[in-house]
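Read off the chains here:
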Amino acid sequence: EENAHILSKDWQRKIVWIPNPANPNEIHDFRPFSERSNTIFYAGRIEREKGTHTLLEAFVKIAPQIPGWTLKLAGSITEQDIADKFIAEHPDLKERVIFTGNISDRKELVEIYRNSKIFAFPSRHESFGIVLTEAMIQGCFAVTTDIQSSRTLTENFRYALGSEVDDIDGLAKNLLYACTHESEIETLAREGMNATRERLDLKRCCDVIAEGLNTPC
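Calculation notes
- Residues numbered from 1 in each chain as written.
- Predicted model: local features only at pLDDT ≥ 70, side-chain atom pairs only at ≥ 80, totals over all residues.
- Heavy atoms only, no water.
- Patch = residues over 30% accessible without salt bridge, like charges linked within 9 Å, V, L, I, M, F, W, Y side chains within 5 Å.
- Areas by Shrake-Rupley, 256 points an atom, 1.4 Å probe, with all protein chains shown as cover.
- Salt bridge = Lys/Arg side-chain N within 4 Å of Asp/Glu carboxyl O.
- Helix = DSSP H or I, 4+ residues; strand = E, 2+ residues; numbered from the N terminus.
- Buried < 20%, exposed > 50% of the residue type's maximum accessible area, 1.4 Å probe, protein only.
- Pairing = 2+ DSSP bridges.
- Axes fitted to C-alpha atoms, helices over the stretch in contact; angles between N-to-C directions.
- Contact = heavy atoms within 4.5 Å.

A. Seen up close, a nonpolar patch on the surface. Together, Val 16, Ile 18, Ile 209 and Leu 213 line one region of the surface with nonpolar side chains, adding up to about 340 Å² of accessible area. With respect to the helices, strands and loops of the structure, Val 16 is situated in the loop between α1 (2-11) and β1 (37-43). Accessibility expressed as a relative area gives 32% for Val 16, which makes it partly exposed.

B. Fine view of the pattern of salt bridges. Taken as a whole and judged by the stated rule, the model has 16 salt bridges. A salt bridge links Lys 50 to Glu 126, with the shortest nitrogen-to-oxygen separation between them at 2.8 Å. Here Lys 50, found in the loop between β1 and α2 (52-62), pairs with Glu 126, found in the loop between β4 (116-121) and α5 (130-137); they are 76 residues apart in sequence, far enough to count as distant. Exposure remark for Lys 50: the relative accessible area of 15% places this residue in the buried category. For Arg 151, the salt bridge goes to Asp 146, with nearest N and O atoms at 2.9 Å.

C. Spatial organisation of the sheet that holds strand β6 (residues 160-163). With parallel pairing, six strands are arranged side by side in an open sheet as β3-β2-β1-β4-β5-β6. Among the strands making up the open sheet, the edge pair consists of β3 (97-101) and β6. Along the sheet, successive strands turn relative to each other by an average axial angle of 20°, direction set aside. One ladder, built from four bridges, connects strand β2 (residues 70-74) with β3; its direction is parallel. Note that in β3 the partner of Ala 74 across the bridge is Gly 101. Contacting β1, β4 and β5 (141-145), helix α8 (residues 182-199) runs over the sheet at an angle of about 90° to β5.

This is the structure we're talking about:
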């Protein structure tokens, strides 16, 4: 969205920003946190550009303080050394850090979102950040890095917590806060879900396209 404003000014043309709309078939009622597991969920490739190594090290720092919590990572491991090194160095966390591999079944993925309280999004950069919207649409509270797509999708962290890219301590601090302030983050997760669904409503996105096509450049 920020780029659209910059380009509009730069090119002296009307640039329309259109988000990836939510899938209407994946819209469900908010599942209360009392019915979810103490899970921090991550979806995406296991690699440094996605910040997975930062997330793992952040979890190591706070694991003793949140003994009932699990970190679940879904996605193909494109940099195997990240997973191998973590497992070798932290065998005590083997039962609490779960690498599921890639999940291609949409129903299964949506159910994991709906069963998780927190969604971790530690990317170094993103074009849009579809998984972040998917998680928020299912009522997860987001803990992200301070990148452009996160700022846009969380309304400048109105419904999320953000830390600097590659900041292990900052990410750990935000994750710990989220894990230990359940009532607060549940309220924000519900508000974030409603705001995200409204913004990414399919009809609304199509209306933006129609308006853009009918407006002189």
